[in-house]
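An overview of the molecular structure
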Amino acid sequence: MKTIKYNTLGILGKPLRQSLSPTLHNYWINQNKLEYDYCKFELECLDNIDKSIRKLRLKGLNVTIPFKKEIIKYLDEIDKTAQKLQAVNTIKNNDGILKGYNTDVSGFISGLNSLNKLNKEKPAVILGAGGACESVIYSLIRKGLKHIFLMNRTVEKAKLLKKKYKEVTVIKWLEKDILQLAGLIVNCTSLGMVGYPSLPISLKKVSKDTKIYDIVYNPLETRLIREAKKNKLEYVTGLPMFLGQAKKSFEIWFGITPKINNYIISKIKKKIENK
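Quick caveat, the model's predicted, so the values are computed rather than measured.

What counts and what doesn't
Residues numbered from 1 in each chain as written. Predicted model: local features only at pLDDT ≥ 70, side-chain atom pairs only at ≥ 80, totals over all residues. Heavy atoms only, no water. Patch = residues over 30% accessible without salt bridge, like charges linked within 9 Å, V, L, I, M, F, W, Y side chains within 5 Å. Areas by Shrake-Rupley, 256 points an atom, 1.4 Å probe, with all protein chains shown as cover. Salt bridge = Lys/Arg side-chain N within 4 Å of Asp/Glu carboxyl O. Helix = DSSP H or I, 4+ residues; strand = E, 2+ residues; numbered from the N terminus. Buried < 20%, exposed > 50% of the residue type's maximum accessible area, 1.4 Å probe, protein only. Core = buried A, V, L, I, M, F, W, Y, C linked by side-chain atoms within 4.5 Å. Arc of directions from axis to C-beta. Contact = heavy atoms within 4.5 Å. Pairing = 2+ DSSP bridges.

Right, let's get into a nonpolar patch on the surface. A cluster of nonpolar side chains, Met-193, Val-194 and Tyr-196, forms an exposed patch at the surface whose accessible area comes to about 260 Å². Among the secondary structure elements, Met-193 is positioned in the loop between strand E10 (184-187) and strand E11 (211-214). A relative accessible area of 32% means that Met-193 is categorised as partly exposed.

This is the structure:
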């Protein structure tokens, strides 16, 4: 029987104009001398997407906004993390069997690990209950944080996550007293992202050992990161999360751990700065 070659991968979502995934994955593909191409697939809907993946013989896909949850019904299998979060951001085509994974958790933790030791006795504060929030909650619980305050402009959305995770307490949006108690503050909103307003927050009165994590990576220096710098707080941008989740996807597809070196980091940063 003739072996069918699966030599195309890509990212599925809308919009994809600013996606840096092709730059990163094509660099790794070339670095590892693999005969593949990584493309953008910007779609309005997912009708028959499972049939399309098989017919085009795509080896795998990344999945982004707004399809991370909707894609699940088109897949044959999903891993335990994706099952728990009910969100898939990576698909592997195993000879026509489509399996979904969630690598956002791995990505977030890689950024978290770049910070010095967290004070787990202090609460973590998460701003925003949108798409990435649940991956962040799940990651923090896995890292042993048992007190998580969730602030969202729409309280009802935050309460849905509280029902699922006993470690979560829903607090009023940008409650100053709680922010001042935090050992870690994570921005999961779109505020600060290119094209969106800045996050209206001051870090002047937070503890000096509070860590700041903004999962936004475009721009690299959001207002929250500037606030952290101004107040001499340790921080991490969204770039390590982006690189970490992509690295895990590449491992799933090829069984190869790609190198995150200074060259590709510099290339990604230049792409961001030139947009």
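The subject of this paragraph is helix H1 (residues 21-31). When you tally the buried positions in H1, you get eight out of eleven residues, the bulk of the element. Buried residues of H1: Ser-21, Pro-22, Thr-23, Leu-24, His-25, Tyr-27, Trp-28 and Ile-29, and no others.

This part covers the nonpolar core. In terms of nonpolar packing, the biggest core is built from 32 residues, with Phe-108, Ile-126, Ile-137, Leu-140, Leu-150, Leu-184 and Tyr-213 touching the most fellow members. When residues of this core are assigned to their parent elements, the largest contribution, five residues, is made by helix H5 (residues 133-142). In terms of nonpolar packing, the next biggest core, distinct from the first, is built from 22 residues, Leu-24, Phe-242, Phe-254 and Ile-264 among them.

Turning next to helix H8 (residues 223-230). Owing to its 3.6 residues per turn, the α-helix aligns residues three or four sequence positions apart on the same side. Taken residue by residue, H8 has Leu-224, Ile-225, Glu-227 and Ala-228 as its buried positions. Buried residues along H8 cover an arc of 155° about the axis, so they all sit on one side. The inward-facing, buried residues of H8 contact E10, E11 and strand E12 (235-236). Phi turns positive, to about 55°, at Lys-232, one or two residues after H8.

Here the focus is the pairing of strand E5 (residues 90-94). Within E5, four of the five residues are buried, which leaves the element mostly enclosed by the surrounding structure. Across five bridges, the pairing between E5 and strand E6 (residues 97-101) is antiparallel. Of the residues in E6, the one forming a bridge with Thr-90 is Tyr-101. A loop of two residues connects E5 with E6, the two strands running antiparallel in sequence, and Asp-95 in this loop sits at a positive phi of about 50°.

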